[in-house]
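Notes for the structure review
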Amino acid sequence: MRAFFAVDLPDALAPAVGDAQAPFADAPGVNPVDPEQAHVTLKFLGEIGGRDGGGDPPLDDVIAAGERAVDRAGVAPFEVEVAGLGVFPNREYVSVAWAGVERGGGALAALHEALEAEATALGVDPADHDFTPHVTLARVESAAGADAVRDALEADDPAIGSFSVGEIRLVESRLTASGPEYRVVREFELG
């Protein structure tokens, strides 16, 4: 299964995520993320195995690594504030539009570092970029879409809202023609 560790935004923030996407959501070549699936990815794992050993690393090992990472990070429940717009990789070539983390980034980074260490010890590929805590709003596949996102960057600095983080999740991601479908595999409580 394709999987990642994440912090989910609460359903109550979905309308604000939709509002932040609105300036570019209908632009050609822009694929907005479902606001009800908004999250901060802490560590993308790629393909992992099932309990029957159908892949590498096995699911049970990934779950154990998640438990060790939460203990290793030593992060107690904390508050996150999501606000502002940004892009990856840069303004000249926009492939992802995102909302930033204004508060709680240090705790998210500590969790990421612990998950990165535990996952790479299992043989998962290390991240090929620095960790920037963010909520993906849209993927951009055309110049017209990139222009719409750049216009939004100049015009707005949306405040999506704050929420409490008391757990992280191991999430399965199934890619479908209508977008990814997520299923929570395991929750790991903080503190």
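Above this text sits the structure in question.
Things to note about the layout of surface pockets
Within this model, the largest pocket holds a volume of roughly 1,200 Å³. Looking at the lining of the largest pocket element by element, the count peaks at 8 residues for strand β3 (residues 39-47). Class assignment for the residues of the lining of the largest pocket results in 17 nonpolar, 15 polar and 10 charged. For the second largest pocket, the calculated volume is near 150 Å³. Taken together, the elements giving at least two residues each to the lining of the second largest pocket come down to β1 (2-8), β8 (167-176) and β9 (179-189). With 3 residues, β9 is the largest single contributor of residues to the lining of the second largest pocket. The residue makeup of the lining of the second largest pocket, split by class, is 6 nonpolar, 2 polar and 5 charged.

A short note on the pattern of salt bridges
Taken as a whole and assessed by the stated rule, the structure comprises 12 salt bridges. Measuring nitrogen to oxygen at the nearest pair gives 2.7 Å for the salt bridge that ties Arg 169 to Asp 8. One end of the pair, Arg 169, is in strand β8; the other, Asp 8, is in strand β1, and 161 residues separate them in sequence. Residues joined in a network through salt bridges with shared partners are Asp 8, Glu 167, Arg 169 and Glu 187.

Points about the packing of helix α2 (residues 59-73) against helix α3 (residues 105-121)
Orientation of α2 relative to α3, taken along the N-to-C sense of each, is 135 degrees, at an axis distance of 8 Å. The orientation of α2 with respect to α3, classified from their angle, is oblique. In the crossing of α2 with α3, the sense of the turn from one axis to the other is right-handed. For the pair α2 and α3, the contacting residues are Ala 65, Gly 66, Arg 68, Ala 69, Arg 72 and Ala 73 in the first and Ala 110, Leu 111, Ala 114, Leu 115, Ala 117 and Glu 118 in the second. Its residues assigned to classes, the contact of α2 with α3 shows 8 nonpolar, 1 polar and 3 charged.

Examining the environment of Glu 113
Mapped onto the elements of the fold, Glu 113 is located in helix α3. What makes Glu 113 exposed here is its relative accessible area of 54%. Once the C-alpha coordinates of Glu 113 and Lys 43 are considered, the two residues, 70 residues apart in sequence, prove to be 8.8 Å apart.

A few points about the side chain of Lys 43
Along the chain, the position of Lys 43 falls in strand β3. Residue classification places Lys 43 among the buried residues on the basis of a relative accessible area of 3%. For Lys 43, the side chain forms a polar contact with the main-chain oxygen of Asp 125, separated by 2.9 Å. Those residues in contact with Lys 43, other than ones at most four positions away along the chain, are Phe 4, Phe 5, Leu 115, Glu 116, Ala 119, Val 124, Asp 125, Pro 126 and Ala 127.

A word on α2
In an α-helix, one full turn covers 3.6 residues, which means residues spaced three or four apart are oriented alike. Between its terminal C-alpha atoms α2 stretches 21 Å, which fits the 21 Å expected from 15 residues at 1.5 Å a residue. Leu 59, Val 62, Ile 63, Ala 65, Gly 66, Ala 69, Val 70 and Ala 73 are the residues of α2 that are buried. Relative to the axis of α2, the buried residues are bounded by an arc of 160 degrees and lie together on one face. For α2, exposure combined with an orientation more than 90 degrees from the buried face picks out Asp 71 and Arg 72. Turning to α2, the residues buried within the fold contact β1, β3, α3, β8 and β9.

Rules used throughout
Residues numbered from 1 in each chain as written. Predicted model: local features only at pLDDT ≥ 70, side-chain atom pairs only at ≥ 80, totals over all residues. Heavy atoms only, no water. 1 Å grid on protein atoms, 1.4 Å probe; cavity = no way out; pocket = protein on both sides within 12 Å on 5 of 7 lines; lining within 4 Å. Points joined across faces, edges and corners; volume = space filled by probe spheres on them. Helix = DSSP H or I, 4+ residues; strand = E, 2+ residues; numbered from the N terminus. Nonpolar A, V, L, I, M, F, W, Y, C, P; charged D, E, K, R; others polar. Salt bridge = Lys/Arg side-chain N within 4 Å of Asp/Glu carboxyl O. Axes fitted to C-alpha atoms, helices over the stretch in contact; angles between N-to-C directions. Parallel < 35°, antiparallel > 145°, perpendicular 65-115°, else oblique. Left-handed = near helix turned anticlockwise from the far one by under 90°. Contact = heavy atoms within 4.5 Å. Buried < 20%, exposed > 50% of the residue type's maximum accessible area, 1.4 Å probe, protein only. Polar contact = N/O pair within 3.5 Å; in protein donor to acceptor, adjacent residues only side chain to side chain. Expected span 1.5 Å × (residues − 1). Arc of directions from axis to C-beta.

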